[in-house]
Amino acid sequence: MDQDEILLDAEERMEKAASVAHDHFQGLRTGRASTGLVDSIRVDYYGSPTPLKQIATISVPEAQQIMIRPFDQGVINEIAKAIQSSDIGLAPNSDGRVIRLNVPPLSTERRKQMVGRLKDLAEEARVAIRNIRRDANKHADTSLKDKLMNEDVHEQTKEQIQELTKQYEGKVNSMADAKEKDIMS
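Quick summary incoming for the structure in this document.

Attention now moves to a negative patch on the surface. A surface patch of negative charge is lined by E151, D152, E155, E159 and E163. Relative to the assigned elements, E155 resides in helix α5 (residues 151-184). By relative accessible area, which is 40% here, E155 ends up partly exposed.

What follows is the structure, encoded as structure tokens:
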């Protein structure tokens, strides 16, 4: 692999890791209702697990309520079961056409637990980014050994890999800090 291929691969993979972290952060509950809480819940839709956002309209009509309106009314019970079996801790209220989820305000203790979970998710993302850095550095070392790049290009590549690592770790940290403020307020 040449320098450009190594850097492009590392950047794409780091972006993907940051994106996954963002999705996980969205799923964490704050004191307010958010469609991100239920977007990724998988519903057994005619035998295949399907993300909720693909089979229903999800809205927030009030600050403490999420409303789910399925496109196909026949799956409303499956949606309710999927919400109950998920780890969001909300009880679905169905009237046969829509499902309403009331989001109670979080206690201080529960907020602290959520922040702890947030920090764990952020650390997982940073570890993933560091693993990508390790892989990219291995590719650079292999390219040097195979004489596909010289010493100067090798050192430059490793420096750029480190810059990418710092950039994406910073991105994860800033997303985590913003979510922590959201949870604690």
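Packing of helix α4 (residues 108-145) against α5 leaves a shortest axis separation of 10 Å and a crossing angle of 170°. Accordingly, the angle class assigned to the pair α4 and α5 is roughly antiparallel.

In regular strands, side chains alternate between the two faces of the sheet. The element strand β4 (residues 65-70) is extensively covered by neighbouring structure, given that five of its six residues are classed as buried. Of the strand pairs in this sheet, strand β3 (residues 56-62) and β4 are connected by five bridges, and their pairing is antiparallel. Note that in β4 the partner of A56 across the bridge is P70. Turn length for the β3-β4 hairpin, with the two strands adjacent in sequence and antiparallel, is two residues. For β4 and strand β6 (residues 99-102), the ladder comprises four bridges, and the chain directions are antiparallel. Across the sheet, residue M67 finds its bridge partner in β6, namely R100.

This brings us to the side chain of N137. Summarising the element assignment, N137 is placed in helix α4. With a relative accessible area of 18%, N137 lands in the buried category. Contacts of N137, omitting those with residues within four sequence positions, involve K158 and I161.

Before going further, it helps to spend a moment on the sheet that holds β6. Strand order in the open sheet made by the four strands is β3-β4-β6-β5, with antiparallel pairing throughout. Strands at the two margins of the open sheet, each flanked by one partner only, are β3 and β5 (92-94). Taken pair by pair, the neighbouring strands of this sheet meet at an average axis angle of 25°, ignoring direction. Most of the contacts of helix α3 (residues 76-85) go to β6, to which it runs at about 20°, and overall it touches β3, β4, β5 and β6.

Attention shifts here to the side chain of T165. Counting through the fold element by element, T165 comes out in helix α5. Take T165: its relative accessible area is 1%, and that puts it in the buried class. With residues up to four places along the chain from it excluded, the contact list for T165 reads M14, I129 and R133.

Moving on to the environment of Y168. With respect to the helices and strands, the residue Y168 is situated in helix α5. Taking the relative accessible area as the measure of exposure, Y168 reaches 4% and is therefore buried. The contact partners of Y168, leaving out residues within four places of it in the chain, are E11, M14, E15, A18 and I129.

Cut-off values and rules
- Residues numbered from 1 in each chain as written.
- Predicted model: local features only at pLDDT ≥ 70, side-chain atom pairs only at ≥ 80, totals over all residues.
- Heavy atoms only, no water.
- Patch = residues over 30% accessible without salt bridge, like charges linked within 9 Å, V, L, I, M, F, W, Y side chains within 5 Å.
- Areas by Shrake-Rupley, 256 points an atom, 1.4 Å probe, with all protein chains shown as cover.
- Salt bridge = Lys/Arg side-chain N within 4 Å of Asp/Glu carboxyl O.
- Lys, Arg positive; Asp, Glu negative; His and termini not counted.
- Charge placed at Lys NZ, Arg CZ, Asp CG, Glu CD.
- Helix = DSSP H or I, 4+ residues; strand = E, 2+ residues; numbered from the N terminus.
- Buried < 20%, exposed > 50% of the residue type's maximum accessible area, 1.4 Å probe, protein only.
- Axes fitted to C-alpha atoms, helices over the stretch in contact; angles between N-to-C directions.
- Parallel < 35°, antiparallel > 145°, perpendicular 65-115°, else oblique.
- Pairing = 2+ DSSP bridges.
- Contact = heavy atoms within 4.5 Å.

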